[in-house]
Amino acid sequence: MCGICGLMMDDGELRHSPVGSILQDMMESQQVRAQDGAGIAIFNKSSAQDSFKIKNFRKEGISNYAIDEVKSSSENVSENLQKINQNPECHFFSFENEMTILKETGLAKDLDKKFGIRKMNGSHGIGHLRIATSSRVTPYNTHPFSTTILPDIAIVHNGEITNYNLLRDSLELEGFTFHTDSDSEVIAVFLASRILKHGDIEKAHREFVAKADGPFTYIAATSDSIAIVRDKFGTRKGIIGYNPGTNDHPSFWAMATDLSALDVVGATTKIETPHPGKPRIFYRN
Amino acid sequence: MRLNEKALIRKSILELCNTGMPRQKSTDDVIRTIREKSGSEKEGNLWEYIIALGAQLSRPPFDPYREKIKLTTKIGRKGDQKISLKIPILIYGKFDLSQSSKDALYLALDNLDDNRSTIGLISKDEPCDERKYPHFQILDDISKLADPDGIVLEYTGVKTEEKIEKIRKEFDGPILVEVDEYFSYYTAKLLELGIDGIVVNTDDIIKSEKYKGKHAIAVIHDAKLAINEFYRGKENDGACLVIAGDVNNAGKMVKAAGLGADIIGYDTSLLIAKVGHHSENFFDEEITAKKIFNHMIATKSELTGIPAAIGYSDFHNLSPSDFRTSSIKASIQGNIPLEGVDKTYKNIVEEILEEYVNTKNISVNQQEKQKIINLVTEEGN
């Protein structure tokens with residue numbers, strides 16, 4: 001019973017939009033759904049910069065973790081990623097160029113207290129509240145998940161990918177690396193593998209829905225898109241709304257598990273439920 | 001199962017409850033010892049030691065799944081030449097049938113297609129002209145190619161490879177090759193030549209020297225591995241694995257699918273057609289066809305049960321991780337996790353070796369580690 005949310009500002013160039021603040025409100029309004037972990041991915045940097053961040057978890061003591069950050073340019077990023085893929089001790093956190101991922105165990109307000117989410121700006125972002133069902137309560141099992149295959153892919157997920165093992169086996173056979181035991185990671189890796197193959201994000205989502213089994217809704221963000229996708233039977237919730245904006249407040253599309261998250265940020269027009277099995281995608285203007 | 005074997009399982013469970021200590025031996029090893037001492041030559045059938053994991057809290061079966069379990073399977077690697085089966089079964093066996101038995105079978109297959117339950121047939125006979133079901137013709141002689149939907153060739157070495165090259169130019173439909181025990185050496189070559197899948201008869205292969213003492217599950221596991229090896233680094237474009245022989249009921253079909261089979265070569269329908277002569281005073285084609293039809297519809301229902309209980313909406317989403325076994329032998333041969341620990345025997349050996357190497361600070365390279373693991377797992381086998 002995780003809670004997920006996401007938003008895409010109408011004006012994609014508006015780097016000063018209060019994306020962090022809106023996401024934080026949406027997460028806190030759904031806190032009742034899950035309390036084991038919280039995380040966000042916000043797209044807040046320019047694609048022009050040749051700067052990649054590879055973040056990893058480093059265990060400190062029995063239950064504490066620190067985050068190591070390796071800055072790379074396009075020249076040495078492959079080499080640094082290879083080091084991570086080959087190091088079994090490493091708990092991969094994220095691979096970022098335009099986005100910033102922050103995640104931690106505990107409540108959404110604790111995440112804000114630690115990282116100052118409300119002060120973050122950007123063009124779009126996603127958020128997640130986790131309740132642990134199949135894997136342990138650790139920061140590296142917390143959403144959003146990204147991949148070492150391509151930068152700037154982040155997914156948050158509510159539900160179960162029941163054929164996770166089969167999908168993971170076939171992706172590993174294709175040569176893609178996994179870093180956690182979470183079934184959610186398979187969504188990120190699958191999308192990255194298909195973007196690499198044909199570059200069509202909508203097709204990638206459709207292919208995932210065709211292959212994945214189980215009850216799920218996920219929100220996936222790339223540097224220029226955000227999509228909400230429900231399983232083909234629509235067994236998990238998902239809702240979309242639009243806030244037309246005011247003079248002080250820019251307009252945006254919002255999506256979440258619960259209607260309460262749309263209410264709290266005023267995204268109460270053009271309400272719709274995504275059709276089961278059909279990705280609903282919003283592109284950055 | 002015998003009474004003393006049931007008592008042994010009960011005793012074993014009570015021991016675990018009392019002591020909290022893990023077993024030194026799997027229960028089936030002890031049962032096998034009893035059987036051997038009592039003069040039984042029959043080896044424990046590993047199928048019996050594989051169980052499916054039911055749905056858990058996090059993997060709930062939903063009513064929509066129960067109602068819509070997809071069994072449809074495509075045969076063929078190219079879009080325009082794929083054959084669709086509504087039940088992943090190709091009727092295939094090595095029985096000689098009378099013409100009336102064959103007619104009953106053909107009628108049943110047509111009726112199944114009418115009822116959206118299409119299954120296929122592998123046969124040496126020429127396909128009927130107005131059939132509704134897909135017919136795969138077993139072809140010894142290329143000149144005898146009639147008008148089948150698919151072709152099955154028996155692997156006999158380089159000559160088969162030459163045949164494939166020739167037929168592939170003329171025939172657009174799926175080509176399957178029935179392989180022998182050395183399939184792991186040449187499956188990649190056959191797929192390279194453009195075949196659409198392999199047919200593996202587990203009954204024949206476990207009789208060979210190479211698979212002596214091994215079970216059908218080892219053959220299925222290895223055959224899937226052979227196909228996967230060809231696709232390493234790329235996506236499988238639809239090459240299928242047809243498992244025939246020892247898979248003669250719905251339970252085994254589900255387990256075989258979990259181990260990697262895409263389609264089952266099934267011979268029970270042929271038996272029903274054959275015994276149509278013996279069980280009736282006279283042979284009634286329609287009655288026998290009805291029996292085959294009913295049996296297949298019942299099998300179809302059974303095939304949807306376990307995937308539904310696990311939380312799948314597609315039969316082909318089963319994988320070894322959906323099963324557990326109490327048998328070390330089954331764990332090694334089928335790469336199935338062991339009950340209680342949820343790890344395969346091979347995983348456990350790998351972990352112990354890793355810990356030992358680290359604790360003792362020994363320098364062992366990856367190749368040497370693999371050699372030790374193979375040695376230990378072969379011993380356990």
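Analysis parameters
Residues numbered from 1 in each chain as written. Chains lettered and ligands numbered in written order. Predicted model: local features only at pLDDT ≥ 70, side-chain atom pairs only at ≥ 80, totals over all residues. Heavy atoms only, no water. Helix = DSSP H or I, 4+ residues; strand = E, 2+ residues; numbered from the N terminus. Buried < 20%, exposed > 50% of the residue type's maximum accessible area, 1.4 Å probe, protein only. Contact = heavy atoms within 4.5 Å. Areas by Shrake-Rupley, 256 points an atom, 1.4 Å probe, with all protein chains shown as cover. Pairing = 2+ DSSP bridges. Axes fitted to C-alpha atoms, helices over the stretch in contact; angles between N-to-C directions. Polar contact = N/O pair within 3.5 Å; in protein donor to acceptor, adjacent residues only side chain to side chain. Phe/Tyr/Trp six-rings, centres within 6.5 Å; stacked < 30°, edge-to-face > 60°. Lys NZ or Arg CZ within 6 Å of the ring centre and 35° of its normal. Core = buried A, V, L, I, M, F, W, Y, C linked by side-chain atoms within 4.5 Å. Expected span 1.5 Å × (residues − 1). Patch = residues over 30% accessible without salt bridge, like charges linked within 9 Å, V, L, I, M, F, W, Y side chains within 5 Å. Salt bridge = Lys/Arg side-chain N within 4 Å of Asp/Glu carboxyl O. Lys, Arg positive; Asp, Glu negative; His and termini not counted. Charge placed at Lys NZ, Arg CZ, Asp CG, Glu CD. Arc of directions from axis to C-beta. Buried area = accessible area lost by both parts, 1.4 Å probe. Nonpolar A, V, L, I, M, F, W, Y, C, P; charged D, E, K, R; others polar.

1. Notes on the overall build of chain B
Tallying secondary structure elements over chain B gives 14 helices and 12 strands in all. By residue count, 49% of the 381 residues in chain B fall in the buried class. Across chain B, the fraction of contacts at a sequence separation of at least 24, relative to all contacts at a separation of at least 6, is 58%. When the accessible area of chain B is evaluated, it comes to approximately 19,300 Å², of which 49% is carbon and sulfur surface.

2. Side note on the sheet that holds strand S10 (residues 240-244) of chain B
Strands belonging to one sheet form pairs held by backbone hydrogen bonds; the direction of such a pair is parallel or antiparallel. Residues and elements named next belong to chain B. What the 8 strands build is a closed barrel, ordered S4-S5-S6-S7-S8-S9-S10-S11; its pairing is parallel. Geometrically, the sheet is characterised by an average inter-axis angle of 25° between neighbouring strands, direction not taken into account. In this structure, strand S8 (residues 175-179) lies alongside strand S9 (residues 197-201), joined through 4 bridges in parallel fashion. Paired with valine 179 across the bridge in S9 is valine 200. The strands that helix H5 (residues 158-170) touches are strand S7 (150-154) and S8; relative to S7, the one it contacts most, it runs at about 165°. Taken strand by strand, helix H8 (residues 216-230) contacts S9 and S10, and its axis lies near 160° from that of S10.

3. Focus on the pairing of strand S5 (residues 91-96) of chain A
All names here are of chain A. Across the 6 residues of S5, 5 count as buried, placing the element largely inside the fold. Sheet topology places strand S3 (residues 52-60) next to S5; 5 bridges connect them, and they run antiparallel. Looking across to S5, one finds that phenylalanine 57 is bridged to histidine 91.

4. Comments concerning the environment of B:Thr160
All names here are of chain B. With respect to the secondary-structure elements, threonine 160 resides in helix H5. We classify threonine 160 as buried; its relative accessible area is 1%. A sequence separation of 115 residues divides threonine 160 from asparagine 45, and the C-alpha atoms of the two residues are 34 Å apart. Dropping the residues within four chain positions of it, threonine 160 is found in contact with Leu153, Glu154, Tyr155 and Val177.

5. Observations concerning the side chain of A:Lys103
Residue and element names in this part refer to chain A. Tracing the sequence through the fold places lysine 103 in strand S6 (residues 99-105). There is a polar contact of 2.9 Å between the side chain of lysine 103 and the backbone oxygen of threonine 142. Of the polar contacts made by the side chain of lysine 103, one reaches the backbone oxygen of proline 144; its length is 2.8 Å. Apart from residues no more than four positions distant in its own chain, lysine 103 is found in contact with Ala38, Gly39, Phe57, Phe93, Leu111, Phe115, Pro139, Thr142, His143, Pro144 and Phe145.

6. Some points on the packing of aromatic side chains
All names here are of chain A. One pass over the structure, following the stated rule, counts 14 aromatic pairs over all chains. Between the aromatic rings of tyrosine 242 and tryptophan 253, the centroid separation amounts to 4.8 Å while the plane-to-plane angle is 45°, which identifies the pairing as tilted. Of this pair, tyrosine 242 sits in strand S11 (residues 239-243) while tryptophan 253 sits in strand S12 (residues 252-256), placing them 11 residues apart in sequence. With respect to burial, tyrosine 242 and tryptophan 253 carry one shared label: buried. Put simply, the rings of Phe190, Phe208, Phe216 and Tyr218 touch in pairs and so form one group of aromatic residues. Its end group placed over the ring of phenylalanine 190, arginine 194 keeps NZ or CZ at 4.4 Å from the ring centre. Over the ring of tyrosine 242 we find lysine 270; its NZ or CZ atom is 4.3 Å from the centre of that ring.

7. Things to note about the nonpolar core
In terms of nonpolar packing, the biggest core is built from 75 residues, with B:Trp47, B:Ile89, B:Ile91, B:Phe183, B:Val200 and B:Leu303 touching the most fellow members. Sort the elements by how many residues they give to this core and H8(B) lands first, with 8 residues. Setting aside residues up to four positions removed in sequence, B:Ile91 forms contacts with B:Leu105, B:Leu109, B:Ile119, B:Gly120, B:Leu121, B:Ile122, B:Tyr266, B:Ser269, B:Leu270 and B:Met296. In terms of nonpolar packing, the next biggest core, distinct from the first, is built from 28 residues, A:Leu150, A:Tyr164, A:Leu167 and A:Phe208 among them.

8. Remarks on the sheet that holds S5(A)
All names here are of chain A. Taken together, the 3 strands give an open sheet; going across it, the order is S4-S3-S5, and neighbouring strands pair in antiparallel fashion. Lying at the two open borders of the sheet, with one neighbouring strand each, are strand S4 (64-72) and S5. In this sheet, adjacent strand axes meet at a mean angle of 20° when their direction is disregarded. In the packing of helix H2 (residues 77-86) onto the sheet, contacts are made with S3, S4 and S5, and the angle to S3 comes to roughly 25°.

9. What about helix H5 (residues 185-198) of chain A?
Two residues of an α-helix separated by three or four positions point the same way, owing to the 3.6 residues in each turn. Residue and element names in this part refer to chain A. For H5, built from 14 residues, the straight-helix expectation of 20 Å at 1.5 Å per residue is met to within 8% by its first-to-last C-alpha distance of 20 Å. Counted residue by residue, H5 has 10 buried out of 14 residues, so it is predominantly covered. Those residues of H5 lying buried are Glu185, Val186, Ile187, Ala188, Val189, Phe190, Leu191, Ala192, Ser193 and Arg194. The inward-facing, buried residues of H5 contact strand S8 (154-159), helix H4 (164-173), helix H6 (201-211) and strand S9 (216-222). Note on H5: the residue one or two positions beyond its end, glycine 199, has a positive phi of about 75°.

10. Here we look at a negative patch on the surface
Residue and element names in this part refer to chain B. Together, Glu126, Asp129, Glu130 and Asp147 make up a region of like negative charge exposed at the surface. Locating aspartate 147 in the fold gives a position in the loop between strand S6 (135-138) and S7. You can call aspartate 147 exposed: its relative accessible area is 58%.

11. Details of H6(A)
Residue and element names in this part refer to chain A. The set of residues buried in H6 consists of Ile201, Ala204, His205, Phe208 and Val209. An end-on view of H6 places all buried positions within 135° of arc, on one side of the element. Elements in contact with the buried residues of H6: H4, H5, S9, strand S10 (225-230) and strand S14 (280-283). The backbone nitrogen of glutamate 202 has a side-chain oxygen 3.1 Å away, supplied by the residue at the start of H6, namely aspartate 200.

12. Focus: the interface of chain B and chain A
With 21 residues of chain B at the interface, the matching set in chain A holds 20 residues. Carbon and sulfur atoms make up 54% of the surface buried where chain B meets chain A, a total of about 1,700 Å² over both sides. There are 3 salt bridges connecting chain B and chain A. Taking the shortest distance from any N to any O, the salt bridge between B:Glu235 and A:Arg194 comes out at 3.0 Å. Here chain B is connected to chain A by 11 residue pairs in polar contact (both at pLDDT 80 or more). Of the residues assigned to the side of chain B that touches chain A, the class counts are 6 nonpolar, 9 polar and 6 charged.

13. A few points about unusual backbone geometry
A cis amide bond links A:His143 with the next residue in sequence, A:Pro144, at an omega value of -5°. For A:Pro144, the location among the structural elements is in the loop between strand S7 (124-130) and S8. In this structure, B:Arg116 is a non-glycine residue whose phi angle is positive, near 50°. Mapped onto the fold, B:Arg116 is located in the loop between helix H4 (99-114) and strand S5 (120-123). Backbone geometry places B:Asp342, a non-glycine residue, at a positive phi of 55°.

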